[in-house]
Amino acid sequence: MKIEILKQAVMDSRDGITISDNCIDDNPLIFVNPAFERMTGYSSEEITNINCRYLQRNDRDQPELELIHNAVKKGEYCLVTLRNYRKDGTMFWNELSISPIHDEKGTVTNFIGIQKDVTSRVIIQQQLRDEHQSLEEMKIHFEQLSIKDGLTGIYNRRFFDTQFEIQWKIACRNGDSLTLAMIDIDHFKSFNDIYGHQAGDEALIRVADSLNKSFQRGSDFAARYGGEEFVILSNGMTQEQASLYVKTLCQRVRDLKIPHSASSTGYLTVSIGFSVHTFGPLHPSNVLLAQADKALYAAKKRGRDQSFSL
Ligand SMILES: Nc1nc2c(ncn2[C@@H]2O[C@H](COP(=O)(O)OP(=O)(O)OP(=O)(O)O)[C@@H](O)[C@H]2O)c(=O)[nH]1
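These numbers were taken from a predicted model, which means no experiment stands behind them.

## A look at the site of the ligand
Then, number 1: Taken together, 17 residues surround the ligand, and among them His187, Phe188, Asp201, Arg224 and Lys300 come closest.
Then, number 2: Between the ligand and His187, the relevant distance is 2.8 Å, taken from an oxygen atom to a main-chain nitrogen or oxygen of the residue.
Then, number 3: Between the ligand and Asp201, the relevant distance is 2.6 Å, taken from a nitrogen atom to a side-chain nitrogen or oxygen of the residue.
Then, number 4: Relative to its free-state accessible area of 670 Å², the ligand is covered by the protein chains to the extent of 66%.
Then, number 5: Listing elements by their share of the shell around the ligand, those giving two or more residues are strand E6 (177–185), helix H7 (188–195) and helix H8 (197–212).

Quick look at the structure:
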């Protein structure tokens, strides 16, 4: 091939082509083609005989610069995408490859650099990444919405039903005990009537929060079961442990000291029915719910502000 054609190919290339001199201190550019001049806005005279790091200006905190530095040191090829700045100060993404040129003894005498302005591609990639991230955030948000109660922020009935099924199956397989506590606010209708619905909502939030902070085990959880009714599911407790635990729940709500003039104590209280059941392979799950529900009814009958188990 004629040397003239090679020369013309470099001059006509749409990609920027540079040649640096590796035998001179600081590896300065000794040639840039017209496409490089168009891409950067610098003329050949302005940028030859100096190292091309001026293209990064003060934006030196780019890990890719370390890759180039190492490749030059070892006399190796490398491909990076960098933020570069044109003469007018505007930024562009430069996809740069550098390849060593060897003399007959194998010494690296020069590097040839090929540069492409890939700004549009990088911007689209960033937009896609951002959109993907927002979609992920929305997905998490909607997942949370589907299992959390809108008012109190604790788990909702749907989550409880699913989780109850799972924990029941595990308990049946392992022969473990499960404890279900059904917690109902006392005289809540009159609380709403006296203090208003908004105050009722605030009381529900405070009670839910207090119950939600009461666990000893990671697998325990509280959920809002209905209007002013909550449930707590816990595994591995004995009857005695469960009995002590639910007493502390009643106390936690008393300690909130939410005034309730229609309550005999003067404060908002809860009644709790609980059931502890050790499951075997054939035990249905609803026994726990039915027993806890009956026990709650009994706790109400016995005067409220207390826990009870059948
Ligand atoms: N503010 C508010 N009130 C609610 C909400 N959900 C249910 N309630 C109210 O809770 C009250 C429950 O009343 P009842 O089922 O009669 O029970 P109670 O008055 O607590 O009586 P006992 O359970 O027998 O002590 C009703 O007045 C409902 O309107 C809610 O999200 N916000």
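## A short note on the pairing of strand E9 (residues 270–278)
The side chains of a regular strand alternate between the sheet's two faces.
Then, number 1: Among the nine residues of E9, eight are classified as buried, and the element is accordingly described as predominantly covered.
Then, number 2: Pairing between E6 and E9: nine bridges, direction antiparallel. For Ile183, the partnering residue across the bridge sits in E9 and is Ile272.
Then, number 3: Sheet topology note: the E9/strand E10 (residues 307–308) ladder contains two bridges and is parallel. In the strand pairing of E10, Ile272 is matched with Ser307.
Then, number 4: Regarding topology, helix H10 (residues 286–301) serves as the crossover connection from E9 to the parallel E10, and that connection is left-handed.

## Here's the deal with unusual backbone geometry
Then, number 1: One non-glycine residue, Asn49, lies in the positive phi region at around 75°.
Then, number 2: Looking at the secondary structure, you find Asn49 in the loop between helix H3 (44–47) and helix H4 (63–74).
Then, number 3: In this model, Lys257 sits at a positive phi of 50°, which is unusual for a non-glycine residue.
Then, number 4: Residue placement: Lys257 occurs in the loop between helix H9 (239–256) and E9.

## Observations concerning the environment of Gln306
Then, number 1: Summarising the element assignment, Gln306 is placed in the loop between H10 and E10.
Then, number 2: If sequence neighbours within four positions are ignored, Gln306 has contacts with Cys250, Val270, Ser271, Ile272 and Ala299.
Then, number 3: A polar atom in the side chain of Gln306 sits 3.0 Å from the backbone oxygen of Arg302.
Then, number 4: Within the structure, the side chain of Gln306 is placed 3.1 Å from the backbone oxygen of Arg304, a separation counted as a polar contact.

## Description of a nonpolar patch on the surface
Then, number 1: On the surface, a nonpolar cluster with roughly 420 Å² of combined accessible area is contributed by Leu135, Met138, Phe142 and Leu145.
Then, number 2: Position of Phe142 among the secondary structure elements: in helix H5 (residues 119–147).

## Some words on the sheet that holds strand E1 (residues 16–21)
Then, number 1: Taken in spatial order, the five strands make up an open sheet running E2-E1-E5-E4-E3, and their pairing is antiparallel. Both edges of this open sheet fall to strand E2 (29–32) and strand E3 (78–85), since each of them pairs with a single strand only. This sheet shows a mean twist of 30° between the axes of neighbouring strands, independent of strand direction.
Then, number 2: Pairing analysis gives six bridges linking E1 to strand E5 (residues 108–117), with the strands arranged antiparallel. Bridging across to E5, Ser20 finds its partner in Phe111.
Then, number 3: Most of the contacts of H5 go to strand E4 (residues 91–102), to which it runs at about 120°, and overall it touches E3, E4 and E5.

## A few points about the sheet that holds E6
Across a sheet, strands are paired by hydrogen bonds formed along the backbone, either parallel or antiparallel in direction.
Then, number 1: Read across the open sheet, the five strands follow the order E7-E8-E6-E9-E10; overall the sheet is mixed. With one partner strand each, in any of the chains shown, strand E7 (221–226) and E10 form the two edges of the open sheet.

## Considerations on the packing of H8 against H9
Then, number 1: Where H8 meets H9, the closest approach of the two axes is 10 Å, and the angle between their N-to-C directions is 140°. As summarised for this structure, H8 and H9 are arranged oblique, according to the angle between their axes. Considering how the two elements wind past one another, H8 and H9 form a crossing that is right-handed. Counting all contacts with H8, which are made through Arg206, Val207, Ser210 and Leu211, the residues of H9 involved are Leu249, Arg252, Val253 and Leu256.
Then, number 2: Split by residue class, the contact of H8 with H9 holds five nonpolar, one polar and two charged.

## So, the packing of aromatic side chains
Then, number 1: If you walk through the whole model with that rule in mind, you get nine aromatic pairs.
Then, number 2: Their ring planes at 10° and their centres at 5.3 Å tell us that Phe160 and Phe164 sit as a pair that is stacked. Taken as a pair, Phe160 and Phe164 lie in helix H6 (residues 157–174) at a separation of four residues, close to a single helical turn.
Then, number 3: Ring centres of Phe188 and Phe191 lie 5.7 Å apart, and the angle between their planes is 10°; this geometry places the pair in the stacked category. Taken together, the positions of Phe188 and Phe191, both in helix H7 and three residues apart, correspond to about one turn of that helix. Like Phe188, the residue Phe191 is buried in the burial classification.
Then, number 4: Ring pairs connect the aromatic residues Tyr155, Phe159, Phe160, Phe164, Phe221 and Tyr225, which therefore count as one cluster.
Then, number 5: Sitting over the face of the ring of Tyr155, Lys148 holds its NZ or CZ atom 5.3 Å from the ring centroid.

Parameters at a glance
- Residues numbered from 1 in each chain as written.
- Predicted model: local features only at pLDDT ≥ 70, side-chain atom pairs only at ≥ 80, totals over all residues.
- Heavy atoms only, no water.
- Near = heavy atom within 4 Å.
- Polar contact = N/O pair within 3.5 Å; in protein donor to acceptor, adjacent residues only side chain to side chain.
- Areas by Shrake-Rupley, 256 points an atom, 1.4 Å probe, with all protein chains shown as cover.
- Helix = DSSP H or I, 4+ residues; strand = E, 2+ residues; numbered from the N terminus.
- Buried < 20%, exposed > 50% of the residue type's maximum accessible area, 1.4 Å probe, protein only.
- Pairing = 2+ DSSP bridges.
- Right-handed = clockwise from strand over helix to strand, strands pointing away.
- Contact = heavy atoms within 4.5 Å.
- Patch = residues over 30% accessible without salt bridge, like charges linked within 9 Å, V, L, I, M, F, W, Y side chains within 5 Å.
- Salt bridge = Lys/Arg side-chain N within 4 Å of Asp/Glu carboxyl O.
- Axes fitted to C-alpha atoms, helices over the stretch in contact; angles between N-to-C directions.
- Parallel < 35°, antiparallel > 145°, perpendicular 65-115°, else oblique.
- Left-handed = near helix turned anticlockwise from the far one by under 90°.
- Nonpolar A, V, L, I, M, F, W, Y, C, P; charged D, E, K, R; others polar.
- Phe/Tyr/Trp six-rings, centres within 6.5 Å; stacked < 30°, edge-to-face > 60°.
- Lys NZ or Arg CZ within 6 Å of the ring centre and 35° of its normal.

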